Amino acid sequence: MKLTARQLALATLDRQFLLERRSLDVVEAVRRVCALQAQAPASPYLALWNRVRDFAPEDLDAAFADGRIVKATLMRITLHAVHAEDYAPFRAAMLGTLRSARLYDRRFTTTGLTPADADALLPELARFLAHPRTGAEVREEVTARFGEHAHRVWWALRTFAPVHHAPTGGPWSFMQRNAYRAAPAAFDPGPQEAAAGVRRLLLAYLRAFGPASAGDFARFTLLTRAVITQAVHELDDQLVRLAGPGRAPLFDVADAAPVPAEDTPAPPRLLPMWDSVLLAHAGPGRLVPEEYRPLIARRNGDTLPCLLVDGQVAGVWRTHGDGLELTAFHRLSRTAWRGLTEEAEKLSALLAPRDPAVYRYYGHWWEKGFPGVETRMVRA
């Protein structure tokens, strides 16, 4: 059977709990969706609110505080929230990419240091970060050894070293001024651990975002095609091949849930900034019409909070004044607006006691304007 673009979108929405919110513990929910993009402190919270029935932000606060969910630099060299048991294998999978992105970058090479010099710092760094330290404290420690190059050395180390972001309080557990702590039982993975990590990450990715191509997985991770091809080969008996609307073969886990029927309805959702579902596939993505990609994904990497209507991005939202402002890129039906309004009212109620002006820093994108055909204000 050849899957249609609609079926692939529905499959991803289903596996991401965006067709129907699920009654799950937040820790299990994070494991099931593979990873949550966490560049903005609020985003993991809003991502889970979209996916978990009766989501309580306090549950995620507690999971971050006791280390059941950790925040670290992983896929695409960006911050993600992942299940604590997934961190070590995911880091092993990504370590080569993380190291290359920093240690061979001009910002590090101009320090005159070598990758071996950076590696030699890791044991000392782990001891220093046995307890949470602010970024300023780490830079002060590194400055004692590297002087003017300290900020570049720390820029590299914090990306590939076994380091977690430490909760600092605030409405979303983490403030914009970061703190860091060493990952427990940190080790330097060898080739076997790295290969095993890629296999584990690929299986987790397919369970959360599949069926998908090797190119999709490359987009999600930034791993090389050679590394991905090897993992696919080694997992041959656990994967199935499928045909889709494009030329590239699709892969899925052998025990995957059935792909939803093409006429399955998809409810409206208000996705957070950098929602992983918008960044998990090559090209414009399964949920983003090609003409809207440049509107929601800016050149500097900012991916804006989006409206989902019938499983496709249809506009953007932001906090504005005492409510949420919803901007549609095309005409929406009364039913669609009714559903979006109900979601916006619930989201406003979630934000009110914590951060009513969430994502305020990114308001400049609205000042530049959108080709929206209709904008509505929704208040809780």
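Structural notes, computed from the coordinates.

About the criteria used
Residues numbered from 1 in each chain as written. Predicted model: local features only at pLDDT ≥ 70, side-chain atom pairs only at ≥ 80, totals over all residues. Heavy atoms only, no water. Helix = DSSP H or I, 4+ residues; strand = E, 2+ residues; numbered from the N terminus. Rg over C-alpha atoms; globule rule 2.2 N^0.38 Å. Buried < 20%, exposed > 50% of the residue type's maximum accessible area, 1.4 Å probe, protein only. Contact = heavy atoms within 4.5 Å. Areas by Shrake-Rupley, 256 points an atom, 1.4 Å probe, with all protein chains shown as cover. Pairing = 2+ DSSP bridges. Axes fitted to C-alpha atoms, helices over the stretch in contact; angles between N-to-C directions. Salt bridge = Lys/Arg side-chain N within 4 Å of Asp/Glu carboxyl O. Core = buried A, V, L, I, M, F, W, Y, C linked by side-chain atoms within 4.5 Å.

**Examining the overall build of the chain**
Along the backbone of the chain there are 15 helices and 13 strands. Since a compact globule built from 380 residues should have a radius of gyration of about 21 Å, the 21 Å found for the chain is in line with a globular shape. Counting only C-alpha atoms, the chain reaches 65 × 50 × 35 Å along its principal axes. Sorting the 380 residues of the chain into buried and exposed places 54% on the buried side. For the chain, long-range pairs separated by at least 24 residues make up 68% of all intrachain contacts whose partners lie at least 6 apart in sequence. As presented, the chain carries roughly 16,900 Å² of accessible surface, and 52% of it is formed by carbon and sulfur atoms.

**Some words on helix H1 (residues 5–15)**
The buried fraction of H1 amounts to 8 of the 11 residues, a majority that puts the element mostly inside the structure. When H1 is considered as a whole, its buried residues turn out to be Gln7, Leu8, Ala9, Leu10, Ala11, Thr12, Leu13 and Arg15. Among the structural elements, helix H10 (191–209), strand E8 (250–253), strand E10 (306–309) and strand E11 (312–320) are those in contact with the buried residues of H1. Just beyond H1, the residue with positive phi is Phe17, at close to 60°.

**Some remarks on the sheet that holds strand E3 (residues 79–83)**
A sheet is described by the order of its strands in space; here 3 strands give the open sequence E1-E3-E2, paired in antiparallel fashion. Only two strands of the sheet have a single neighbouring strand rather than two, namely strand E1 (36–37) and strand E2 (69–73). Pairing analysis gives 5 bridges linking E2 to E3, with the strands arranged antiparallel. Counted as the bridge partner of Ala72 is His80 from E3. Where helix H4 (residues 57–65) meets the sheet, its contacts fall on E2 and E3, and the angle it forms with E2 comes to roughly 70°.

**Here's the deal with the pattern of salt bridges**
For the structure on display, the rule yields 21 salt bridges. Across the salt bridge formed by Glu20 and Arg53, the nearest N and O atoms sit 3.4 Å from each other. Pair noted here: Glu20 is in the loop between H1 and helix H2 (26–32) and Arg53 is in the loop between helix H3 (43–51) and H4, with a separation of 33 residues, a long-range link. A relative accessible area of 37% places Arg53 in the partly exposed class. Residues joined in a network through salt bridges with shared partners are Arg21, Arg269 and Glu343.

**Considering the pairing of E2**
When you tally the buried positions in E2, you get 5 out of 5 residues, the bulk of the element. A two-sided burial pattern is seen for E2, the buried positions comprising Ile69, Lys71 and Thr73 on one face and Val70 and Ala72 on the other. Between E2 and E3, which follow one another and run antiparallel, lie 5 residues, and Arg76 among them has a positive phi close to 60°.

**A look at unusual backbone geometry**
Omega for the bond connecting Gly210 with Pro211 falls within 30 degrees of zero, at -10°, which places this linkage in the cis form. Examined against the element boundaries, Pro211 turns out to sit in the loop between H10 and helix H11 (214–221). Despite not being glycine, Cys34 has its phi angle at roughly 80°, a positive value. Note on placement: Cys34 falls in the loop between H2 and E1. For Cys34, a relative accessible area of 0% puts it in the buried group. Its identity is not glycine, yet Arg76 carries a phi of approximately 60°, on the positive side. Structurally, the position occupied by Arg76 is in the loop between E2 and E3.

**Remarks on the nonpolar core**
With 71 residues, the main nonpolar core has Leu46, Trp317 and Leu326 as its most contacted residues. Core analysis: the next-biggest nonpolar cluster, separate from the first, contains 57 residues, Leu121, Val163, Val198 and Ala212 among them.

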